[in-house]
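# Chains, contacts and geometry: an overview
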Amino acid sequence: MRYLSTRGHPERRRFCEILLEGLAPDGGLYLPESYPQVDAGTLARWRGVYQQQGYAHLAFEILSLYIDDIPADDLRGLCVRTYTEAVFGTPAIVPVRELEPGLLIEALSNGPTLAFKDMAMQLLGHLFEYELKRRGEELNILGATSGDTGSAAEYAMRGKRGVRVFMTSPDGRMSPFQQAQMFSLQDANIHNLAIQGVFDDCQDIVKAVSNDLAFKRRYRIGTVNSINWARLLAQVVYYFAGYFQATQSDTQRVSFAVPSGNFGNVCAGHVARMMGLPVERLVVATNENDVLDEFFRTGVYRVRGSADTHETSSPSMDISKASNFERFVFDLVGRDAALTAELFGPRLSRDGMFDLSGDARFLQQFARYGFVSGRSTHAQRLQTIREAFERQGEMIDPHTADGVKVAREQSQAGVPMIVLETALPIKFASTLVEALGREPNRPARFNGIEQLPRRVLVLPADVQRVKSFIVEHCA
Ligand SMILES: *Cc1c(COP(=O)(O)O)cnc(C)c1O
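Residues numbered from 1 in each chain as written. Predicted model: local features only at pLDDT ≥ 70, side-chain atom pairs only at ≥ 80, totals over all residues. Heavy atoms only, no water.

Along its length, the protein chain carries 20 helices and 15 strands. Relative to its length of 475 residues, the protein chain is compact, with a C-alpha radius of gyration of 21 Å against a globular reference of 23 Å. Taken along its principal axes, the extent of the C-alpha atoms in the protein chain is 60 × 55 × 50 Å. A buried classification covers 60% of the 475 residues belonging to the protein chain. Total accessible area computed for the protein chain in this model is approximately 18000 Å², and 48% of it derives from carbon and sulfur atoms. (Helix = DSSP H or I, 4+ residues; strand = E, 2+ residues; numbered from the N terminus. Rg over C-alpha atoms; globule rule 2.2 N^0.38 Å. Buried < 20%, exposed > 50% of the residue type's maximum accessible area, 1.4 Å probe, protein only. Areas by Shrake-Rupley, 256 points an atom, 1.4 Å probe, with all protein chains shown as cover.)

So, in structure tokens, the structure goes:
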């Protein structure tokens, strides 16, 4: 399998070449040259693999279609070491349960940090360690987080050889549980930098450091952000695993509802569907930051400025532009790289938006690709959390609640709707308290986490100070 850039760069790369990279050289995103097609026989075989051998072996089957530069035995070993009951809590890894008739929840948040980002990040940790060792190289991961990504990255990379993590976060702005999760890590290769500012200040620092090419090369700076193809690929697996749990036969169809921010999670669903998984609808659920809902309703993609980005009670979906969205648009416009490059390059810089509504070709395509969308507000989020608790005794987190709310609007008779559970409620306790008047359940292993000693340095929003810190800790 070779990978291309959505903006038409002529070079074709292999999986391990793009594994440690972010954007393609022309600013595009990497995608496979084509999506491997899963025929009826393969789908039936994979159902057996998942049921009899388990998630790790299903992951190997899917990943091996996209990765041909890691020997098969090694790749299987990486999958088996990643997707264990010890790390993800259950033998099914992503168990599906019924919330109400026709509406199922797929639990993706039983990993080390209680958010779905563990599903991909844990694999990335093993892949990075493997590839760095093979090359005899080191990597310093520099990131910015508002909560879930940073902790998932730290728990995936802790103790891994050849990798250090420098994670910036806005000082005092993550939930108390998220702060405790990250700052209690004592591993020598994990560094928490609490920046006196907001999330955008953290992102600006990461950008400034990455734009200093000499520094970047000298200190081997890398990222693990959501545009990384390996993360997206790892997420494709749980769409298949969810399907096998929700259906008895491979002729049935299901829909997925996905709480969305940067469009990474639902883009993995798009890839699964393109491979031939019988998916009826891909339901994009947003919060008040409804860039994506607007696009799927109107064909207009209008990125927001940071002033127009709302701070909501489903904060991991608070985005101003959806960094993975370019991948879908590339497919939508028939893989026209010149058009994609124009839309996401000059057009967005100049107009801050593009409008495909005038072109009937594209609007008709939404249905062909299965996409529909909806949004949820704070009041609706609280209402959904309350209903799930009162009717079913289920506690769901605010992001999952947005998924459930929009899923109900978009479900069709006879087609099971699977909502992806993207976090556990304990990560967002204050919203649960607001909705239910009580603290959310806490998995026993997190008892007392807030009282553990902390390892975090508070710094002003100053690029130079962050650079100096990196230099000192790379010696
Ligand atoms: C990251 C995240 C999302 C958004 O996922 P995308 O891949 O960015 O669309 C939704 N919910 C939670 C809890 C998250 O951590």
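Our focus in this paragraph is the site of the ligand. Taken together, 15 residues form the shell around the ligand, and within it K117, D148, G261, N262 and N265 come nearest. Between K117 and the ligand, the recorded distance is 2.5 Å, taken from a side-chain N or O atom to an oxygen atom. A total of 390 Å² of accessible area belongs to the ligand in isolation, and the protein chains cover 96% of it. Here the shell around the ligand is built from residues that sort into 5 nonpolar, 8 polar and 2 charged. (Near = heavy atom within 4 Å. Polar contact = N/O pair within 3.5 Å; in protein donor to acceptor, adjacent residues only side chain to side chain. Nonpolar A, V, L, I, M, F, W, Y, C, P; charged D, E, K, R; others polar.)

Along the chain, the position of H191 falls in strand β7 (residues 190-196). Apart from the residues lying within four places of it in its own chain, the contact partners of H191 are E154, V165, F166, M167, R455, F469 and H473. (Contact = heavy atoms within 4.5 Å.)

As a further point, take the pattern of salt bridges. Any two side chains of opposite charge can pair, on the condition that their charged atoms come close. Scanning all chains against the criterion turns up 35 salt bridges. Note that E394 and R97 form a salt bridge whose closest N and O atoms lie 3.0 Å from each other. Separated by 297 residues along the polypeptide, E394 in the loop between α17 (378-392) and α18 (398-410) and R97 in strand β3 (residues 96-100) bring together distant segments of the chain. Between E387 and R391 there is a salt bridge, with its nearest N and O atoms 3.8 Å apart. In this pair, E387 and R391 are both assigned in helix α17, 4 residues apart and thus about one turn of the helix distant. It is possible to trace a salt-bridge network through shared partners that takes in D290, E294, R302, R304 and R375. (Salt bridge = Lys/Arg side-chain N within 4 Å of Asp/Glu carboxyl O.)

This part is about the environment of R304. Relative to the helices and strands, R304 resides in the loop between β11 (300-302) and α14 (325-332). Between the alpha carbons of R304 and D290 there is a distance of 9.6 Å; along the sequence they are 14 residues apart. In this structure, R304 is in contact with D290, V291, E294, T309 and S320, ignoring residues within four places of it in sequence. At 2.7 Å, the side chain of R304 forms a polar contact with the side chain of D290. Separated by 2.6 Å, the side chain of R304 and the backbone oxygen of R302 make a polar contact.

To continue, consider the sheet that holds β7. One open sheet accounts for 5 strands, arranged β8-β5-β6-β7-β15; its pairing is parallel. Of all the strands in the sheet, just β8 (221-222) and β15 (457-460) have a single pairing partner and so form its edges. Here strand β6 (residues 163-170) runs beside β7; their pairing, made up of 6 bridges, is parallel. Looking at β7, one finds that V165 is bridged to I190. (Pairing = 2+ DSSP bridges.)

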